[in-house]
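The residues making up each chain are set out below.
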Amino acid sequence: MHLIAPTLVGNEHARQYLRLLIERETARGSFLFVGPEGVGKRAVARAFGRALQCAATPDRRPCGTCGLCRAWNHGTNPDALIVRRAADHAAIRLEQIRPTANGTTPAQDTVHRRLQLRSVVGPRQVVIIEDADRLNDAAASALLKTLEEPRGDTILILTTSALDAVPRTVRSRCTLVYFHRVPTAVIRDALRLERRLTTPERELIASLADGRPDIAHDLAHSPERLAGELDAFATLLRTLQGSTQRPFGLSEAVLPTDRKASGPVATATFRRLALIVHDVLMVTTGAPSLIRLKRFRVALERLAAGLPEQPLHQLADFVSTLPALLDQNVSPKNILDRFTNQFAAHAHPR
Ligand SMILES: [Zn+2]
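Predicted model, so just to flag it, every value in this text is computed and none were measured.

Rules behind the numbers
- Residues numbered from 1 in each chain as written.
- Predicted model: local features only at pLDDT ≥ 70, side-chain atom pairs only at ≥ 80, totals over all residues.
- Helix = DSSP H or I, 4+ residues; strand = E, 2+ residues; numbered from the N terminus.
- Rg over C-alpha atoms; globule rule 2.2 N^0.38 Å.
- Buried ≥ 20, exposed ≤ 12 C-beta atoms within 10 Å, placed from the backbone.
- Axes fitted to C-alpha atoms, helices over the stretch in contact; angles between N-to-C directions.
- Parallel < 35°, antiparallel > 145°, perpendicular 65-115°, else oblique.
- Left-handed = near helix turned anticlockwise from the far one by under 90°.
- Contact = placed C-beta atoms within 7 Å.
- Pairing = 2+ DSSP bridges.
- Core = buried A, V, L, I, M, F, W, Y, C linked by C-beta atoms within 7 Å.
- Domains from an automatic or database assignment.
- Expected span 1.5 Å × (residues − 1).

A. Looking closely at the overall build of the protein chain. When helices and strands are tallied, the protein chain shows 16 helices and 5 strands. Against the 2.2 N^0.38 benchmark of 20 Å for 350 residues, the protein chain shows a C-alpha radius of gyration of 22 Å, consistent with a compact globule. A total of 350 residues make up the protein chain; the buried ones form 41% of that total.

Structural data, given as structure tokens:
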């Protein structure tokens, strides 16, 4: 697939596999794209959807210029449906999968109805369901019916960053395509296309993105977000430094008072904490050249001075489990307090 979205970098294996399906015209049934948040699953799902409908010869799909590709880009392709959790709902609901008596989703925008329809302009209907781990039970079982009896020419593409939270019955009926974090050097090279940025800026953004092209893209296009990201790291480092005195300092410092907004903030915070713990570990093990947050080197060294190496490995393991806690409905505050607790227990402040 061509580089038609700025976040389509890395994960060559997945893209190559999908490209072959397009070129041989052998894509059938349902796909589940699995991998961490921000690595480009959504962008690739859209590119794959475009390619499945594109009017160009197979080797040129998606061409980006035919009427069908342009309709995708403008969100006006009548044969494409993208289903995602509404911002004010915790889950993807039944009414998004099939029409319900009290539902507010237009019937033609439900998955069931869409798959019953003949395609209007392209060769087939394509339905993308983002964050399939967020399907509520009723929605998942309604979707299952669709997966069990796929229509030959329709394609479903599901994405998730939490495979374990996708019902086993749904998973088992999909072709799994795995995505991984992208090497920092690959992201840095991709940022060369951003001519406004200086080399140190590209270096900085690639390291802050920590393997996630979506984040790199965001930071590259918004000086405010970049400044906000740097602020967020500075706040975390400062708060962790004082964590033995203030067991709730971290959650107080980063979580917004609006509880609904705290989930995404917590997710971003977990990602940042993982990067900080990685870098502190690099200092402690005598490999400071491998620090990713070079800009914060002094603060990282100060933190590392209080931490022995062995518990840091445990802390690195622990930090990788934080997103799963959020999926188990543990509150963001509770998770961050647990982290602070673990961190402070190992710190020997000077
Ligand atoms: Zn096209």
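B. Quick peek at the packing of helix α9 (residues 199–209) against helix α10 (residues 213–221). At a minimum axis distance of 8 Å, the contact between α9 and α10 shows a crossing angle of 140°. With respect to their mutual orientation, α9 and α10 come out oblique. Crossing angle aside, the handedness with which α9 passes α10 is right-handed. Contacts between α9 and α10 involve I205, A206, L208 and A209 from the first element and P213, I215, A216, L219 and A220 from the second.

C. Structural context of unusual backbone geometry. Backbone torsion omega between R61 and P62 reads -10°, so that peptide bond is classified as cis. Secondary-structure assignment places P62 in the loop between α2 (41–53) and α3 (67–73). Of note in the backbone geometry, N11 takes a positive phi value of approximately 50° without being a glycine. Tracing the backbone shows N11 in the segment before α1 (12–24). What makes N11 buried here is the crowd of 24 C-beta atoms within 10 Å. Located in the positive-phi region is D131, a residue other than glycine, with phi close to 55°. Structurally, D131 can be placed in the loop between β3 (126–129) and α6 (137–148).

D. Just the sheet that holds strand β2 (residues 80–83), in detail. Sheet architecture is open: 5 strands sit in the order β2-β3-β4-β1-β5, paired in parallel fashion. The open sheet has two edge strands with one neighbour each: β2 and β5 (175–178). The mean angle between the axes of side-by-side strands here comes to 20°, regardless of whether they run parallel or antiparallel. Inspection of the sheet shows β2 paired to β3 by 4 bridges, in the parallel sense.

E. Spatial organisation of the environment of V111. With respect to the helices and strands, V111 occurs in helix α5 (residues 111–116). Discounting chain neighbours no more than four positions away, the residues touching V111 are L81, V83, I97, V127, L143 and T146.

F. Quick peek at the nonpolar core. In this structure, F33, I157, L158, I205 and A216 are the most contacted members of the largest nonpolar core, which totals 58 residues. For this core, the element with the most residues is α2, which contributes 6 residues. Ignoring sequence-local partners within four residues, the contact set of A216 consists of I187, L191, I205, A206 and A209. In terms of nonpolar packing, the next biggest core, distinct from the first, is built from 30 residues, L275, L303, L312 and L322 among them.

G. Examining the domain arrangement of the protein chain more closely. Domain boundaries in the protein chain define domain 1 (12–178) and domain 2 (222–346). Centre-to-centre, using C-alpha coordinates, domain 1 lies 35 Å away from domain 2.

H. Main features of α2. An ideal rise of 1.5 Å per residue puts 18 Å on 13 residues; α2 measures up with 18 Å between its terminal C-alpha atoms. α2 sits mainly inside the fold: 12 of its 13 residues count as buried. The complete set of buried residues in α2 reads K41, R42, V44, A45, R46, A47, F48, G49, R50, A51, L52 and Q53. Its buried side turned inward, α2 meets α1, β1 (30–34), α3, β2, β3 and β4 (155–160).

I. The environment of L21, seen in detail. Relative to the helices and strands, L21 is located in helix α1. For L21 and A209, which are 188 residues apart along the polypeptide, the C-alpha to C-alpha distance reads 30 Å. Not counting the four nearest positions on each side in its chain, L21 is found in contact with T26 and A27.

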